[in-house]
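Here are the chains, one letter per residue:
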Amino acid sequence: MSTPTYSAADCKEVLFSEQQIDEIITRLAREIEDTYKGSKNRLVMVITLKGALPFASALMKKINIPIQYECVKVSSYGSGTKSSGEVKLHLDLQISDPENTDLLIIEDIIDSGNTLSFLTAYLKSRRPASVRVCTLLDKPSRREVDFTPDFNGAQIPDKFVVGFGLDFDENYRALPFIGVLKEEIYS
Ligand code: PRP
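Residues numbered from 1 in each chain as written. Predicted model: local features only at pLDDT ≥ 70, side-chain atom pairs only at ≥ 80, totals over all residues. Heavy atoms only, no water.

**Student:** If you had to explain unusual backbone geometry to someone new, which residues and values would you point to?
**Tutor:** Of note, the amide linkage connecting L49 to K50 takes the cis form, showing an omega dihedral of -5 degrees. Residue D169 is not a glycine yet carries a positive backbone phi of 55 degrees. Structurally, the position occupied by D169 is in the loop between β8 (161-162) and β9 (178-181). (Helix = DSSP H or I, 4+ residues; strand = E, 2+ residues; numbered from the N terminus.)

What follows is the structure in structure tokens.
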């Protein structure tokens, strides 16, 4: 077996280059501005650790309206690649003045939909003015529960993608592009 390198060479295909990611994020930023620019509420990004961190960081710099951010940590449990649908919250957030707060959840990828179904329901129970979701990537073919994001960077096929926050075993998150991992790395 070859020694893992955790580098770009472990990808068999680039799905989105750095420039393509930048273009997607620019478009999403305009869509978000158009949605919230008339709102009198405070806009708070809710960043889901850890995968959404690079995306959220790039996105917030392109949004030309005042924005605050908080971080949450959620994880779903299951065996192997199969999610059990059970989602737990490891890091909560304080929402001061919820009735005057628009929450925008930032996610790197939607797969089964379990994480965001749980998180949106939980945040809505805190009675903010609104809760919306922005995801960089969406894999609709993997859905176990019905879920549609308000802002979607790109739909992708059911491929094992890494980079720009997405990991395999905590590696590859720092790659500047999104690539498809070679099967021999994870099988
Ligand atoms: C990933 C991703 C989403 C979730 C999507 O997080 O960031 O939060 O899985 O999957 P779902 O739609 O099937 O619920 P992960 O639990 O791998 O944690 P990470 O962000 O720290 O990588």
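**Student:** Now, about the sheet that holds β9: what can you tell me, with residues and values included?
**Tutor:** Spatial strand order, β1-β9-β8: three strands in an open sheet with antiparallel pairing. Single-partner strands in this sheet number two, and they are β1 (11-16) and β8. Across two bridges, the pairing between β8 and β9 is antiparallel. Residue V161 lies in a different strand from β9, and its bridge partner there is V180. The strands touched by helix α1 (residues 18-36) are β1 and β9; relative to β1, the strand with the most contacts, the crossing angle is about 30 degrees. (Pairing = 2+ DSSP bridges. Contact = heavy atoms within 4.5 Å. Axes fitted to C-alpha atoms, helices over the stretch in contact; angles between N-to-C directions.)

**Student:** Before we move on, can you summarise the site of the ligand with the specific residues and values?
**Tutor:** By nearness alone, 15 residues border the ligand, and E107, D108, S112, G113 and T115 come closest of all. G51 places a main-chain nitrogen or oxygen 2.9 Å from an oxygen atom of the ligand. Here the ligand, which alone exposes 500 Å², has 82% of that area covered by the protein. Residue assignment for the shell around the ligand shows that the elements contributing at least two residues are β5 (101-110) and α3 (114-124). Of the residues forming the shell around the ligand, the biggest block, four residues, is contributed by β5. Of the residues assigned to the shell around the ligand, the class counts are three nonpolar, five polar and seven charged. (Near = heavy atom within 4 Å. Polar contact = N/O pair within 3.5 Å; in protein donor to acceptor, adjacent residues only side chain to side chain. Areas by Shrake-Rupley, 256 points an atom, 1.4 Å probe, with all protein chains shown as cover. Nonpolar A, V, L, I, M, F, W, Y, C, P; charged D, E, K, R; others polar.)

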